[in-house]
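Listed here are the chains, written in short residue letters.
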Amino acid sequence: ALAEEEADGGESPGPPGPQGTGKRRKKEKFPGSLPGTQTPGAVKQEDGGGQRKQATGNAAGKAVAAQASAANAEAAAAAAAAATDDVLESGFCVDVFFPTVGKRQTTAAAALLAAGGEACVTSAGEWRTGTVMRAHVSIPSGFIPPGAGKGAAVAAAYPSQIVYDVMIRGATEEKCLPRSRLRLVCSTCLVDKRTFKPPPMYCEKCLAGIHQRWRYWDEARDDEVASVKLCNRCFTEMRNSPDPHSAMIELVGRPVDLGLFVERKEKDRPEFVDNWVQCEECHSWHHWVCALFKGEDTPEDTEWFCEPCRKNRDKKLPDELVVPDACALPHNAMSKTLEEYVAGELTLCNVKCEPVTVRVVSIVSKAEKVNETVKAHMAGGDDSGREYPAEFPYRSKCVLAFQKQRGHDICFFAMYVQEYGSDCPPPNTNRVYISYLDSVRYFNSEPDGKRTLVYHAILVGYLQHVKSLGYTHAHIWVSPPKQGDDYIFYGHPDDMVAKRMGLLKLKQWYEQMLNIAKSRSIVADYQDMLEEFKGLESVSEIPLFSGDHWAASIHNKLKEESKKQGLLTKQPSGSASDKAAPPGTKAVKQSSLADNMVDQLTEEMKSMRNHFIVVTLHAEHVGMSSNKCKPPTPDGLIHDPDPLQSNDLVDSRATFLEKCQVFHWQFNEDSNAKHSTMMLLYYLHNRHRNKPLPAFKRATNTAPSGLSEIARIQRSRTHKIESAMRDWSQLLRHANEATARETWELPPEELFGRILSQINRSKRDILHDKYTQCKQPTTTVMARSVFIRVLKRIAESFIRCTLAPSLSPSLSPSLPLPHSRRRQVE
C-alpha cells in the first residue's frame, strides 16, 4: 500500500489522524511495511523470558496454524490501514497520558482505558514526556500468550491497530501504548502547541484599544465580513441613543442589529498557534519558533535540518534558509559613533559580554503637515513678519541594538528619532526629537544588571553625534506606556509588563542620563517646557513635532476657543449691532483668542512639567531665545553625512508594530525574541525581495524557462499575501489618520486601484462608484466620512481574516501543520 501511494503522488488525499504528523515519509525510509513490524510470514510474541517465531507451517497443529494465519491477516490489515493513518516514527518526542486511578476510580478508569479513542484522555490524569522507541502491530483480540503482562492485556482491547513502546523521561519504558494516549510534541521545547499573544482589538466607535481584561461586545457573524466590535461604554451609548439603527448605519455604513451583539471576554477569542516543520534527516518535528525556521517565502521542496543534525551529522541549511547576522548590516557615521561609544562604556565599567551591534536601519525624509485649524490661526505670521509654514520637513531615523546569545542575534533596543535641520523653518529649526524608545530585557553581561548602562550609552552617544553636526536642542517626551501598550516591540516579557516604570521614575531615568552627558560636556543644560518657554508670547514659538503632544493639544484648544468666540459673538443676521461693528473688531477677537491660547498653554505646561524635557546642547546657547540659536558650524548649516536609506519594514514605527502583530513576531520570551529578530534581519537584509534563482536558471535568464521561473516566484501565494497586506495596511493607516484628524481625505487613486483588484466584482463596482461620487466637490462631509469609515472597516476585516487560524474542520486545532502543507490561513 505504501508503494502504491508513493507511486500515486506521495501524500494521502485525506487529512492525517488526531495529533498526526501529516506528512508521508518516502518508501526507502521504511525498511519493512512498518517500522518495528515483521514481514507477513511471521508474528512477534512476548513471553516473559524472550521472543520466539511461530511460522505458518509449524507442525504444532492446525489450531495454532489457523491462529497464526489470523494474526498475519490482522497484521497485514493494520499495515494497510497505517498507510492512510499517521505513524509516529522511532525517535519522535511525544506526551503520554496517564489517567489518575484512585480507590473509587479503578473501575471507571479501567473502562475508559478499555474504551480507547478520546475517552481515556478526557478523564483526569497527567501527561508525561517520552521518546518513541518502536511501533508495531498490536496482538489480535483474544490471542493473549501465557504469562503476558498488562501490555498485552491493553493491546487486546485495541485490535488491528499500531501500538508504540515509549521510553518515559526519567522513568521506565511503557509498552503497547495506543495512539489515542499519545500526542506529538516539539523536540525542542517538549510542548504540543505553541500559542501566541492575540493581536490587539480596537473599538469601532472610539477607536480605542480593547485590552485583554476588558469585556467587549461583538457582532455574531460568520461570513467573510469581520464582525463589529464595540467597547462596553460605546455599546451602552449606541444602545441608549434615540435611533440606534441610524447610528450604526452612520458608523459602519450598513444596517446592524444591536440585539445580535454578544458580550465576550478575552478567552472567547480564537487561539493562535505556531506551525510545524520536520527535519529531513532525523524526522523530528519542531515549532517554527523553536527551530528558528524562516517559513516565509520558502519553497515547498526546501530541505531543513534541525540543529542536532547540523552539529552531529554535518548537515547544512540551504542558502534560502540562512539569514545573515546583524553585524552584516551596513554601517554609517551615526551607527559607528553609537557602537564605539557603547563599547567604550562597557570597557570603562569592566563589563564582560558579547559585543553590542548598533545599526541605523532607516533614514527617510518626511514632513509634518500643519493642521488647517492651526495654519488659519497663524495666518498673520509672527513678529518678524514670516508666514507660518505649511509643513516641517525632517529626517526620521530608526536605531536598533543587537547582541548575540548562544549563537543567535536578539534585538533588545529600538529608538525612533526626528531630526529637523537647517532647511526646516522656525520654530523647529536645528532641533532633534526622540519620539519613541523601547527595550526588552535580553541583554546579558557579567556582572548582571547592566542594561541601563547600555541604554544610557546609546542615548548619550546619540546626543554627542547630533551636537557634532550642529543641532542646538533636543526634545524628550517622558511618557511611560500604559498597561498592555506596545511602542515598538510587540509583546514584552511578563516581568516588564508587571513592573512598568511610572512617570516620575522614568523622568528620573532620563535625568540620570542627562547628568552623565552634562558631566562630560556633551550637554550644556536641560529644563522642562515651562522653563524653556517661560516668556511665551505666541503659540507660533512652540515647536510642533510629528506625533507630539503639543500639535494635537494646540489643534484641540483652537477648535474649542473658536467655538466659544463664535457663540459669544453670534447675533441675528442684519441686526443693528452687526451693521455698526467697528472695523477693528475682527482684529480684537483674534488678539483675544491668541491671548487665551497662550494662557491655556502656559497652564498646561505647569500641569505637565514632568512630561517634557528640553536639552540645550551648546553652552553658548544657554539662556538665549531658542529661535536665535545658530549651529556652530563654519557655514551656519547642518550637513548630515549619512545618505538616505529606506526599508519598508522599519521606515515607520506603526508599520513595524503592525507587521509584528500580523505575523506574531513577539518578544515576550527568549525563543520568540530570537525568531522575531531573525525575521527582522531577513527583511533588513532585503532577502524577501532579492531572491536569487538557481544556477541553471540564472544562466538561462533570457530564455522562456527563466522568465517562467521568475513569474512563478512573483506569483507565489506568499508574495501575493505580502503585497496585499502592505496595501491594506496602508489603506488602514490612511483611514485612521483621516478619522483622527477629521479631514476625511480619500486614499490615493493608485492605492485604491490596487485595493479594488483584490476584492470580488460586486463590492468592487459599489466601492468604485462611491469613490467617484466622493471625489465630486458637491459631496457632503458626512457622506465622505461614512465612506472613509467603510474603507476602514473593510481593511480591518481583511487583516483580521488573515490573522484568523481557521483550520479545516477535519483537523484538530493543535494538529501540527507540516512544512509540506504549510499555508497562510485566511
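Just so we're clear, the structure is a prediction, and the values are computed from it rather than from any experiment. (Residues numbered from 1 in each chain as written. Predicted model: local features only at pLDDT ≥ 70, side-chain atom pairs only at ≥ 80, totals over all residues. Heavy atoms only, no water.)

Engineer: Sorry, what's going on with the environment of Met 782 here?
Structural biologist: Mapped onto the fold, Met 782 is located in helix H26 (residues 781-803). Taking the relative accessible area as the measure of exposure, Met 782 reaches 47% and is therefore partly exposed. Sequence spacing of Met 782 and Trp 744 is 38 residues, and the spatial spacing of their C-alpha atoms is 9.1 Å. (Helix = DSSP H or I, 4+ residues; strand = E, 2+ residues; numbered from the N terminus. Buried < 20%, exposed > 50% of the residue type's maximum accessible area, 1.4 Å probe, protein only.)

Engineer: In this structure, what is going on with helix H10 (residues 333-348)? I would like to understand it.
Structural biologist: For an α-helix, 3.6 residues make a turn, and residues three or four places apart therefore share a direction. The end-to-end C-alpha separation of H10 is 22 Å, in line with the 22 Å expected for 16 residues at 1.5 Å each. Turning to H10, its buried residues number three or more, namely Met 334, Ser 335, Leu 338, Tyr 341, Val 342, Glu 345 and Leu 346. All buried residues of H10 project into a common sector of 135° when viewed along the axis, lining one side. Turned more than 90 degrees away from the buried face of H10 sit Glu 340, Thr 347 and Leu 348, all of them exposed. Elements in contact with the buried residues of H10: strand E13 (356-369), strand E14 (391-405), strand E15 (408-420) and helix H12 (451-469). Phi turns positive, to about 55°, at Asn 350, one or two residues after H10. (Expected span 1.5 Å × (residues − 1). Arc of directions from axis to C-beta. Contact = heavy atoms within 4.5 Å.)

Engineer: Where do I start with the sheet that holds strand E9 (residues 229-231) in this structure?
Structural biologist: Sheet strands associate in pairs through backbone hydrogen bonding, adopting either a parallel or an antiparallel arrangement. The antiparallel open sheet is built from three strands, whose spatial order is E9-E8-E10. Both outer strands of the open sheet, E9 and strand E10 (261-264), are each paired with one neighbouring strand and no more. Across the sheet, the mean angle separating the axes of adjacent strands is 30° when strand polarity is ignored. Taken together, the four bridges between strand E8 (residues 216-219) and E10 define a ladder with antiparallel strand orientation. Within E10, the position partnered with Tyr 216 by the bridge is Arg 264. Helix H6 (residues 232-239) rests against E8, E9 and E10 of the sheet, and its axis sits at about 100° to E9. (Pairing = 2+ DSSP bridges. Axes fitted to C-alpha atoms, helices over the stretch in contact; angles between N-to-C directions.)

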